[in-house]
Protein chains: 2
Amino acid sequence: MQFHHHGYVSGDPRVQPIAGTGVDRPDELPDEVDVLIVGSGPAGMVAAAQLAQFPNIVTRVVERRPGRLEVGQADGIQARSVETFQAFGFAGRITEEAYRITEMCFWAPDPDNPENIIRTSRAPDDATGVSEFPHLIVNQARVLDYFAEAARNAPARLEPDYGYEFVTCEVADEGQYPVTVTLRHSTGPEEGQVRIVRAKYVVGCDGARSRVRESIGRELVGDQANHAWGVMDVLAESDFPDIRTKCAIQSHDGGSILHIPREGNHLFRMYVDLGEVSEGDHGKIRETTQDEVEARANRILHPYTLTVKHVCWRSVYEVGHRLADRFDDVPAELVGTRTPRVFITGDACHTHSAKAGQGMNVSIQDGWNIAWKLGHVLDGRAPESLLDTYSAERQVIAQNLIDFDREWSRMMAAKPDELGDSNALADFYVKTAEFPAGLMTQYEPSLITGDAMYQELATGFPIGKRFKSHPVTRLCDANPVHLGHHHRADGRWRMYVFADRPQAGQPSKVWDFAEWITSSPQSPLAYTPEDADIDAWFDVKVVYQQDHVGVEINAVPRAYLPQVGPYACVDYEKVYAADPADDIFDGRGIDRDGVLVVVRPDHYVATILPLEATDELATFFESVAGGERYPGV
Amino acid sequence: MQFHHHGYVSGDPRVQPIAGTGVDRPDELPDEVDVLIVGSGPAGMVAAAQLAQFPNIVTRVVERRPGRLEVGQADGIQARSVETFQAFGFAGRITEEAYRITEMCFWAPDPDNPENIIRTSRAPDDATGVSEFPHLIVNQARVLDYFAEAARNAPARLEPDYGYEFVTCEVADEGQYPVTVTLRHSTGPEEGQVRIVRAKYVVGCDGARSRVRESIGRELVGDQANHAWGVMDVLAESDFPDIRTKCAIQSHDGGSILHIPREGNHLFRMYVDLGEVSEGDHGKIRETTQDEVEARANRILHPYTLTVKHVCWRSVYEVGHRLADRFDDVPAELVGTRTPRVFITGDACHTHSAKAGQGMNVSIQDGWNIAWKLGHVLDGRAPESLLDTYSAERQVIAQNLIDFDREWSRMMAAKPDELGDSNALADFYVKTAEFPAGLMTQYEPSLITGDAMYQELATGFPIGKRFKSHPVTRLCDANPVHLGHHHRADGRWRMYVFADRPQAGQPSKVWDFAEWITSSPQSPLAYTPEDADIDAWFDVKVVYQQDHVGVEINAVPRAYLPQVGPYACVDYEKVYAADPADDIFDGRGIDRDGVLVVVRPDHYVATILPLEATDELATFFESVAGGERYPGV
Ligand SMILES: Cc1cc2nc3c(=O)[nH]c(=O)nc-3n(C[C@H](O)[C@H](O)[C@H](O)COP(=O)(O)OP(=O)(O)OC[C@H]3O[C@@H](n4cnc5c(N)ncnc54)[C@H](O)[C@@H]3O)c2cc1C
Ligand SMILES: Cc1cc2nc3c(=O)[nH]c(=O)nc-3n(C[C@H](O)[C@H](O)[C@H](O)COP(=O)(O)OP(=O)(O)OC[C@H]3O[C@@H](n4cnc5c(N)ncnc54)[C@H](O)[C@@H]3O)c2cc1C
């Protein structure tokens, strides 16, 4: 955490210096905004927290509810989400209060006594070490609280505007605020009254029944029928031995349960499978009573029993696999000719079962993806064409998720003998762990993702995948740190310069690169506004091959030790040394002749280049972040 | 973190259920209180946070300042303090924002060129692994903020009463509120007006110039003269290579510096030695200007330079080694015949140099020590004689600290050639690490600390020292956890039952002990009030020798799986298994025939017994916590 460099911070350092639109932010929703986010679910709140880092931009979030979410909805937090929380500054705190999954247990009918269930296997969570972050369970409400805090503490001091329902919107061909949005007060003294707001961009984060989606004429296409679960968050007594372990439980004829222990060491959630819902059901399934769900749970758990003492939340959750073909308002045939103005994210554009625990997670990645791009375009850092990459990147991910979820749901619903092997489910769980951890996402080459030309220079950083962290030593204070955990969700591009062999101070590529990046007119740093810190748009960090005792700090080029803030303090958090006990060059397969790894603001590897490929680097940033300044807000 | 078992907690789970005096806590200071804490420094605030866990007790904190501390004073946080923060629920959060010391560097004159300093050694912090907690640097203000939050979130919802100055107090021989305290409004419209408050007990946490100390006639005795430092928290430019590393810097003739990097990655503190202050100085030293301090710093750092850009805080800190002979109001000859009513803690009873970075840390341990004891006595859990142990235990610790600090200061002040070996200072630092880490404290046998009779049954838990944690696996959810980190500062005694060899469910000592503890009239659990949870006063945890797969949870005696809260939820956080990768039985030298380790509410090992020594256990608790109920509040 870096602070004090703008003067002494006496209180909570998580509160960042206020700036720009944050200074006089009106309490009331203004008539004109740059970005209007609709909905304060996971997709909307991550987008809010990200855009709050761009204090030149007027961002508002409208939400139909009168206040924060209090209970219910999703609770599964994959490693990629925790990695995201780290970038937003609350991974540690939410991990402290969450339930942590270290094993998943599988239960099936006892072959000798099919009316009894027995444990058939225990599968470790993340057996292969796909992430250093844990797999957590915590209520969606708390995730939203932390994102809300991040938004409120960010320079723009963003807070949601509760009590506004989105009704519809229209996109004009021109004008500074081309989207006209019709809202309605959903609570309070003005309830029912209409309110018009004009926006440059609208982000629809309004869930499965999205009105934003409707108003741009997109449709969710997929399963005819829904699948339903009786979901309950309960305090209960049970002799089921794995009551504090995540379990998939299949009974011989009573159906199945997905069992999820919850934060706080007492509460748990059960998803009791209620099966496919026929089209003619007309919501009847939702009348399933709590008694019925408990009775069914007891049948499945036999010979164990469950006595519910207190129901904290319950729902009949009905969902099908459905997907929109595009995630913005530009018809396929017009892509590239028109700037998208309205985007849809999360449940508004894709839905799937709760079984793989993906809903909240994928929505968070959608929201982050569109938000930094809007930030860059509105801030004048990138061309509007950047916005086309949102739908292109995220629609594929949603399709993959639906495919995965279909397979996983099919396997969980199958009778044990249909799967052949009693370990089939556990094997699938372990083998595919990277997917549900959220770490299989790999973006295709585009404006912001390079091709694989130099991939072999750093095999452990697959281009288009998220930057996988590794331990290093921070040079200035000999602290063992995780390189990737210094990635903040601050909208900056990052360049990780992995030094070549010579010692600091000796003629080397890392030295020449420093020269070029600070002084060449082709350097991306040249696009940084003159009144901003030199690292305001591009964060350049260096990692030496020597250990921290082997690098003399005064011999490190000043490019990697920039002076920032009103007091021109040196930022020492940019120079690292390999940790001999766990060398990042070996661990991530980095060429010892020096490599540059460029990382996007959302943490994905954009491109890999040799240190001397400065022309290619200049070209990469020319099309995405420079060449000229873009008009901006 | 455990929550939800009293019903769903929708917001921050760090806010505990409100209870007792917390429910209608008056904003205004009442005329009669159980405990009056004077001063909201580290000693006062830890005492407040601890007593706020006893909601039957009316505790108030008066503080002269109009509000929270904003800047300055101490910043060194030893491992024992972080361990304490863990018990109060904020170790993770404060560690995130603190500077972490991993190395200390020593600089001395270059023998060839004495006007230049050179690095003579690097000493790792905690080379021998005395604690799993880090050594931190963070401003005292933030430590106080976190304790204040803990107090505010505790059942009693305690907040300091700012703007009251303690003037004096008198102790009567009898009456329900025998201490009459005279306060004066120190700010606000009533400034200067006197206010009388009557208390059962007063805790003087009012710093080095303690009026509480004065009013009970105790005196600080010690050095004639003070030592002075020019202290500055600054943002500065410097080519000194270790500017982000803790350093002791000795120059050939310019004096010495203790250099402390600070939280936030930019700020640092320098203690520039101003030498002994003669008695005739009359505060002249305090006129030392910032320019003089900076000039001196530059002379010491030569050939490196320092240019201060911004001074966040500065002070001339003057202090000597001084100690009160007793820490309460009972004259030595009357100990045991009269209950102490007034206590002094922290700087009010001992002062020493800033060099060993102990001031805030030792004060925290003082405050915690007296607070839980007052809680127990006022809650009717323990006899008043428990209060005699406060002065007896803490005065010795303060004496040890002064001895250590004298030695350390002498070595730091000595010219390198006087020490003989250029590594003498670094060697001393590494060899004595346990002391400044706060972990050498070992209480003598007393009412609450047993003798060494059975020490050999668990050699890694020295009786009288703090319970050193070790990794284990929590049985219910296979989570790798640190056993000691489940120790909350909730005023409970803890019994760690290390199981004998048989598997859970087999005849064993651990089973017999469970029987005895739940059903014997001699069991300490019998003292627990009937309307309280069975684990409200005594937290009994079991650790099996088998790994977590080898223990069947349904075979664990119910004594270790009690039902708590309004919904009688099983508390699963009490059953652990050894982690084969780092077996606690080996790691802490625990006899495999089974051992009971009793731990005090402040985390110190009280006694060690064989599992069958139930008579001895009963006897131990009879004198400290039972036998009869004490009258209480
Ligand atoms: C009732 C319910 C129960 C669920 N249960 C589970 C579960 O048990 N397990 C699981 O994995 N997933 C569950 N989900 C799904 C999971 O919560 C979603 O996948 C995830 O929240 C998607 O995030 P999102 O931001 O896209 O949308 P949401 O979290 O749905 O957020 C949409 C937000 O937009 C607001 N909104 C909607 N329409 C408007 C409008 N017209 N104007 C203004 N605001 C509007 C909503 O109030 C809401 O705050 C549930 C969802 C719901 C709605
Ligand atoms: C100005 C100053 C600078 C310091 N600088 C350093 C340093 O650089 N390095 C270092 O290691 N240590 C320093 N210390 C010492 C360190 O802060 C203490 O060792 C530590 O704070 C002791 O904690 P405590 O709770 O005993 O007392 P304190 O932290 O001193 O707290 C005492 C509290 O009591 C209040 N108080 C005092 N008198 C009254 C009264 N009559 N009525 C009501 N309230 C009263 C005070 O306002 C204060 O809040 C400094 C102390 C002071 C006062």
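Within any chain, residue numbers begin from 1 and follow the written order of that chain's sequence. Chains carry letters from A onward and ligands carry numbers from 1 onward, assigned in written order. Given that this is a predicted model, residues contribute local features only at a pLDDT of at least 70 and side-chain atom pairs are listed and counted only at 80 or more, while totals for whole chains, interfaces and linings are drawn from all residues. To get the side-chain values, take all heavy atoms of the structure and skip hydrogens and water.

1. Thoughts on the interface of chain B and chain A
Often, the extent of an interface is quoted as the loss of accessible area upon association of its parts. We call two residues in contact when some of their heavy atoms are within 4.5 Å. Listed per partner, the contact involves 66 residues of chain B and 66 residues of chain A. Interface of chain B and chain A: buried area, both sides summed, is about 5400 Å²; carbon and sulfur atoms make up 49% of it. By convention, the term buried area covers the 1.4 Å-probe accessible surface removed from two parts as they join, with the contributions of both added. Broken down residue by residue, the surface that chain B buries against chain A is led by Tyr8, Asn265 and His266 of chain B, which jointly contribute 13%. We define a salt bridge as a contact between a side-chain nitrogen of Lys or Arg and a carboxyl oxygen of Asp or Glu at a distance within 4 Å. Connecting chain B to chain A are six salt bridges. Between Glu96 of chain B and Arg14 of chain A there is a salt bridge whose closest N-O contact spans 3.0 Å. The numbering of helices and of strands both runs from the N terminus, where a helix is a DSSP run of H or I of at least 4 residues and a strand a run of E of at least 2. Taken together, the elements giving at least two residues each to the side of chain B that touches chain A come down to α3 (91-97), β4 (99-101), α4 (140-153), β13 (226-238), β17 (306-319), β22 (479-482), β25 (563-564) and β26 (569-570) of chain B. Take the side of chain B that touches chain A: its biggest share by element is four residues, from α3 of chain B. Following the grouping adopted for this structure description, the nonpolar residues are Ala, Val, Leu, Ile, Met, Phe, Trp, Tyr, Cys and Pro, the charged ones are Asp, Glu, Lys and Arg, and the polar ones are all others, Gly among them. Of the residues assigned to the side of chain B that touches chain A, the class counts are 24 nonpolar, 19 polar and 23 charged.

2. Details of the domain arrangement of chain A
Residues and elements named next belong to chain A. Domain ranges listed in this record stem from an automatic or a database domain assignment. For chain A, the assigned domains read domain 1 (20-76 + 81-92 + 137-221 + 322-431), domain 2 (102-132 + 224-318) and domain 3 (455-625). One C-alpha centre belongs to domain 1, the other to domain 2; they are set 29 Å apart. Taken residue by residue, the interface counts 27 residues in domain 1 and 31 residues in domain 2. The tally of links from domain 1 across to domain 2 stands at two salt bridges. Among the salt bridges present, the one from Arg269 reaches Asp75, with a minimum N-O distance of 3.3 Å. Pairs of N or O atoms are called polar contacts if they sit within 3.5 Å, as long as, within protein, a hydrogen donor faces a hydrogen acceptor (for residues adjacent in sequence, only side-chain-to-side-chain pairs). At the junction of domain 1 with domain 2, the criterion picks out six residue pairs in polar contact (both at pLDDT 80 or more). Among the elements of the structure, α8 (388-413) and α9 (424-431) are those that each provide at least two residues to the side of domain 1 that touches domain 2. Tallied by class, the residues present in the side of domain 1 that touches domain 2 amount to 15 nonpolar, seven polar and five charged.

3. Concerning the site of ligand 2
Residue and element names in this part refer to chain B. With respect to spatial proximity, 30 residues lie near ligand 2, and among them Glu63, Arg65, Gln140, Phe166 and Tyr271 are the closest. A distance of 2.9 Å is found between an oxygen atom of ligand 2 and a side-chain nitrogen or oxygen belonging to Asp347. For accessible areas, the Shrake-Rupley method is used with a probe of radius 1.4 Å. Any residue's cover is judged against the shown protein chains and nothing else. Coverage of ligand 2 by the protein amounts to 87% of the 950 Å² it exposes when considered alone. Listing elements by their share of the shell around ligand 2, those giving two or more residues are α1 (42-51), β9 (164-171), β16 (268-277), β17 and α7 (359-378). Looking at the shell around ligand 2 residue by residue, the classes come out as 13 nonpolar, nine polar and eight charged. Whether a residue is near a molecule or strand is decided by its heavy atoms; if any one of them lies within 4 Å of it, the residue is near.

4. Things to note about the relation of the copies chain B and chain A
A least-squares superposition brings the copies together, and it is based on the C-alpha atoms of residues with pLDDT no lower than 70 in both. Relative to chain A, chain B is turned by 180° and slid 0.0 Å along the rotation axis, the superposed coordinates differing by an RMSD of 0.0 Å. Taken together, the rotation and translation describe the operation of a two-fold axis. Here 100% of the contact residues of chain B are again contact residues in chain A; the copies associate through an equivalent surface.

5. A word on the site of ligand 1
All names here are of chain A. In the vicinity of ligand 1 there are 30 residues, among which Glu63, Arg65, Phe166, Tyr271 and Asp347 approach most closely. Note that an oxygen atom of ligand 1 is positioned 3.2 Å from one of the backbone N or O atoms of Pro42. Here an oxygen atom of ligand 1 sits 3.0 Å away from a polar atom, N or O, in the main chain of Ala43. In isolation ligand 1 has 960 Å² of accessible area, and contact with the protein removes 87% of it. Breaking the shell around ligand 1 down by element, the ones donating at least two residues are α1 (42-51), β9 (164-171), β16 (268-277), β17 (306-319) and α7 (359-378). Composition of the shell around ligand 1 by domain shows at least three residues from each of domain 1 (20-76 + 81-92 + 137-221 + 322-431) and domain 2 (102-132 + 224-318).

6. Thoughts on helix α4 (residues 140-153) of chain A
Residues and elements named next belong to chain A. Helix length check: α4 (14 residues) gives 20 Å between terminal C-alpha atoms against 20 Å at 1.5 Å per residue, within 8%. Among the 14 residues in α4, 12 count as buried, and that is most of the element. Only protein chains enter the area calculation, which uses a 1.4 Å probe; residues under 20% of their type maximum are buried, those over 50% are exposed, and those in between are partly exposed. Those residues of α4 not exposed but buried are Gln140, Ala141, Arg142, Val143, Leu144, Asp145, Tyr146, Phe147, Ala148, Ala150, Ala151 and Asn153. Where α4 is buried, its residues touch α1, β3 (76-77), α2 (79-88), α3 (91-97) and α7. Taking the backbone nitrogen of Ala141 as reference, a side-chain oxygen 2.9 Å away marks Asn139 as the first, capping residue of α4. By definition here, a helix of n residues has an expected span of 1.5 Å times n minus one.

7. Some remarks on the packing of helix α10 (residues 509-519) of chain A against helix α12 (residues 614-625) of chain A
Residues and elements named next belong to chain A. Packing of α10 against α12 leaves a shortest axis separation of 11 Å and a crossing angle of 35°. Here α10 runs over α12; the crossing is right-handed. Here α10 contributes Phe513, Trp516 and Ile517 to the contact with α12, which in turn contributes Thr614, Leu617 and Ala618. For the contact of α10 with α12, the per-class residue count stands at five nonpolar, one polar and no charged. Orientation is described by axes fitted as lines to C-alpha atoms, over the contacting stretch for helices, and by angles from 0 to 180 degrees between their N-to-C directions. In this scheme, a crossing is called left-handed if the near helix is turned counterclockwise away from the far one by less than a right angle; it is called right-handed if the turn is clockwise.

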